[in-house]
Amino acid sequence: MDLVFLGTSAGVPTKRRNVTALALQPESGRNWYLVDCGEATQHRLLHLPMTVMGLRAIFITHVHGDHSYGLPGLLACAAMSGRTEPLTLVAPAAVIEWVAATRSLTELYLPFRLQSLPLESFEGWQDDEFAVEAVPLSHSVPSFAYRFSEVKRAIRLDTDRLVREGIPRGPLWGALKTGEDVVFGGRTLASRDYLVYPDLTRRIVVGGDNDSPELLAGLCEGAQVLVHEATYTSEVAARMGPEIQHSSAASIASFAERQGMANLLLTHFSPRYQDRPGKGLSVADIEVEARAHYLGRLFLAEDFARYRLDRDGILARVSGAEPSP
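This one's a predicted model, so the numbers in the text were calculated from it and none came from an experiment. Within any chain, residue numbers begin from 1 and follow the written order of that chain's sequence. Given that the model is predicted, a residue must reach a pLDDT of at least 70 before its local features are reported, and side-chain atom pairs must reach 80 or more before they are shown or counted; all residues, however, enter totals for whole chains, interfaces and linings. Hydrogen atoms and water are omitted, and side-chain values are computed over all heavy atoms in the structure.

S.K.: Run through the overall build of the protein chain, naming residues and quoting values.
M.R.: The secondary structure content of the protein chain amounts to 10 helices and 19 strands. Throughout, radius of gyration means the C-alpha value; the globule benchmark is 2.2 Å times the number of residues raised to the power 0.38. Radius of gyration (C-alpha) of the protein chain: 22 Å, near the 20 Å computed for a compact globule of 325 residues. Overall, the protein chain is about 75 × 50 × 35 Å in size when its C-alpha atoms are taken along their principal axes. Exposed residues in this analysis have more than 50% of their type's maximum accessible area, buried residues have under 20%, and partly exposed residues fall in between, with area computed by a 1.4 Å probe over protein chains only. A buried classification covers 51% of the 325 residues belonging to the protein chain. Note on contacts: a residue pair is in contact if any heavy atoms of the two residues lie within 4.5 Å. When contacts within the protein chain are restricted to residue pairs at least 6 apart in sequence, those whose partners lie at least 24 apart make up 63%. Accessible surface, the protein chain: about 14,700 Å² in total, of which carbon and sulfur atoms supply 52%. Computing the positive centroid from 32 side-chain charges and the negative centroid from 39, the protein chain places the two 6 Å apart. The helix and strand labels rest on DSSP assignments: H or I over at least four residues marks a helix, E over at least two residues marks a strand, and numbering proceeds from the N terminus. Where accessible areas are quoted, they stem from the Shrake-Rupley method and a 1.4 Å probe; at the residue level, only the protein chains shown are allowed to cover. Positive residues here are Lys and Arg, negative ones are Asp and Glu, while His and the chain termini are left out of the count. Throughout, a charge is located at the NZ atom of Lys, the CZ atom of Arg, the CG atom of Asp or the CD atom of Glu.

S.K.: How would you summarise the sheet that holds strand 1 (residues 2–7) if you had to cite specific residues and measurements?
M.R.: Strand order across the open sheet formed by 8 strands is 6-5-4-3-2-1-18-19, with mixed pairing between neighbours. Here the strands that pair on one side only, and so sit at the sheet edges, are strand 6 (114–118) and strand 19 (315–317). Looking at each pair of strands side by side, their axes are set apart by 20° on average, direction ignored. As paired elements, strand 3 (residues 32–37) and strand 4 (residues 55–59) share 4 bridges and run parallel to each other. The residue of strand 4 that forms the bridge with Trp32 is Leu55. Angles run from 0 to 180 degrees between N-to-C directions of axes, and those axes are lines fitted to C-alpha atoms, restricted for helices to the stretch in contact. This element, helix 3 (residues 71–80), spans strand 3, strand 4, strand 5 (87–91) and strand 6 of the sheet and lies at about 165° to strand 4. When DSSP locates at least two bridges between a pair of strands, those strands are taken to pair.

S.K.: Describe the packing of aromatic side chains, listing the residues and the values that go with them.
M.R.: Each pair of aromatic rings taken from Phe, Tyr and Trp, with Trp reduced to its six-membered ring, is defined by centres within 6.5 Å and is described as stacked if the planes are under 30 degrees apart, edge-to-face if over 60, and tilted in the remaining cases. Tallied over the entire structure, the rule returns 10 aromatic pairs. For the ring pair Tyr33 and Trp125, a centre distance of 6.4 Å and an interplane angle of 70° mean the geometry is edge-to-face. Of this pair, Tyr33 sits in strand 3 while Trp125 sits in strand 7 (residues 125–126), and the two are 92 residues apart along the sequence. A relative accessible area of 0% places Tyr33 in the buried class. Centroid distance Tyr69 to Trp98: 6.0 Å. Interplanar angle 50°. Geometry classified as tilted.

The following block contains the structure:
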């Protein structure tokens, strides 16, 4: 399961970072899923082996432009590319209304069905790759976090139990492995009783803008990765006052440590933090502050970086770079 960052800046882009967008890509096939769609997301895709034809669903955390202004362009791109397969959009009601108004006012014709699901009444969504849940967060507008749980998991038969119960190898074993209940010796054998899932269920939580990390506690249970904004260091956040309604590196890192999160992936950095240490505020300052409060595997996202969550729940940057020590 891969996470690919299309944008990691907050508010406005910088020369090295576009505004927020994150692609989730399962191990099987060409399909992928998008969380947030800042301006120029469609352009970022030109640099990656992902296309609008393989996009299965879009999940928007909140209405602010650095998370949503790329939507009309992306939808238009999909239309002009010849997409005909339906596309799901999960978003706050205000985003759905804005997209509808934009389509009407700009005469944006979509040759595919756009299934829009407002988060205010969202009860979950699932396809053959992910089951998705959402919870509200705390921000200046309605903002949400998503949890993606993989649906496809490796399974094997409990052969030891089958042998103990004298169930012969062959068609019966094959049927049980495919989920079919069978009759043997005058009794019905339920497939679920003979299946073993050797790998854990991989779960990733992606938060929108949020000043109260504790609101994520429920979603984070059983998850291996938390992706969350760290817009400022605590010193800068304090100077700006509570009205910013964002998390500092210290606040989200402290939460992740209390929650026992194995992997923390920070993103959505204020453009005032540059990528070169020693020249004013630096993204390295965010890293130092987070590391002081969190002992797990810590990553600071970069545009076009790909991170992979393996079947043991360990996150690693595919390029080979290691998390900060």
